[in-house]
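Close look at the chain arrangement
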Amino acid sequence: MVTGPVTRIVPFGVFVRIEDRADGFQGLVHSSELDESSGDTVEVGDALTVKITEVDIARHRISLSQTRARTTRADDAPTTT
């Protein structure tokens, strides 16, 4: 899981920088992987916490998911009995 700024918004999702440098790596959060609460309200510069779901070295692509990051955080929460 990483947190990074939204660098670009496209019709099919948003790109998020996942390395803390101006020339760092970016990954795509497909619109189907955006948290419903973020949906249409995401803007360039917003920080999103995402989970890296796939790295395709041959195609130079990194797939990210905000919904799976939220699920992972919920699964890691302490439980009380």
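Okay, so let's go over this structure. Note that this is a predicted model, so its numbers are computed, not measured.

Calculation criteria
Residues numbered from 1 in each chain as written. Predicted model: local features only at pLDDT ≥ 70, side-chain atom pairs only at ≥ 80, totals over all residues. Heavy atoms only, no water. Phe/Tyr/Trp six-rings, centres within 6.5 Å; stacked < 30°, edge-to-face > 60°. Lys NZ or Arg CZ within 6 Å of the ring centre and 35° of its normal. Patch = residues over 30% accessible without salt bridge, like charges linked within 9 Å, V, L, I, M, F, W, Y side chains within 5 Å. Areas by Shrake-Rupley, 256 points an atom, 1.4 Å probe, with all protein chains shown as cover. Salt bridge = Lys/Arg side-chain N within 4 Å of Asp/Glu carboxyl O. Helix = DSSP H or I, 4+ residues; strand = E, 2+ residues; numbered from the N terminus. Pairing = 2+ DSSP bridges. Axes fitted to C-alpha atoms, helices over the stretch in contact; angles between N-to-C directions. Buried < 20%, exposed > 50% of the residue type's maximum accessible area, 1.4 Å probe, protein only. Polar contact = N/O pair within 3.5 Å; in protein donor to acceptor, adjacent residues only side chain to side chain. Contact = heavy atoms within 4.5 Å.

1. Some details on the packing of aromatic side chains
Here the structure, examined in full by the defined rule, presents zero aromatic pairs. Over the ring of F15 we find R8, and its NZ or CZ is 4.2 Å from the ring centre.

2. Points about a nonpolar patch on the surface
The grouping of I52, V55 and I57 at the surface amounts to a nonpolar patch, some 300 Å² of accessible area in total. Mapped onto the elements of the fold, I57 is located in the loop between β4 (47-56) and β5 (61-65).

3. Side note on the sheet that holds strand β2 (residues 13-17)
In sheet architecture, strand pairing relies on hydrogen bonds along the backbone and comes in two forms, parallel and antiparallel. Strands sit in the order β1-β2-β3-β5-β4 around a closed barrel of five strands; the barrel is mixed. The average angle at which neighbouring strand axes cross in this sheet is 50°, direction not considered. Pairing of β4 with β5, which is carried by five bridges, proceeds in the antiparallel orientation. The residue bridging D56 from the neighbouring strand is R61, located in β5.

4. What to know about the pattern of salt bridges
A pair can form between side chains of opposite charge whenever their charged atoms are brought close. Taken as a whole and assessed by the stated rule, the structure comprises three salt bridges. The shortest N-O distance in the salt bridge between R68 and E33 comes to 3.4 Å. Of the two residues, R68 is situated in helix α1 (residues 66-76) and E33 in the loop between β3 (26-30) and β4; the sequence distance between them amounts to 35 residues. Classification of E33 as buried rests on a relative accessible area of 16%. For R70, the salt bridge is made with D35, and the minimal N-O distance between the two is 3.0 Å. Pair noted here: R70 is in helix α1 and D35 is in the loop between β3 and β4, with a separation of 35 residues, a long-range link.

5. Things to note about unusual backbone geometry
Unusually for a residue other than glycine, H60 sits at a positive phi of about 55°. By the secondary structure assignment, H60 is in the loop between β4 and β5. Taking the relative accessible area as the measure of exposure, H60 reaches 73% and is therefore exposed.

6. Some thoughts on the side chain of D35
On the accessibility criterion, D35 (10% relative accessible area) is buried. A distance of 3.0 Å separates polar atoms of two side chains, one belonging to D35 and the other to R70. Those residues in contact with D35, other than ones at most four positions away along the chain, are Q66, T67 and R70.

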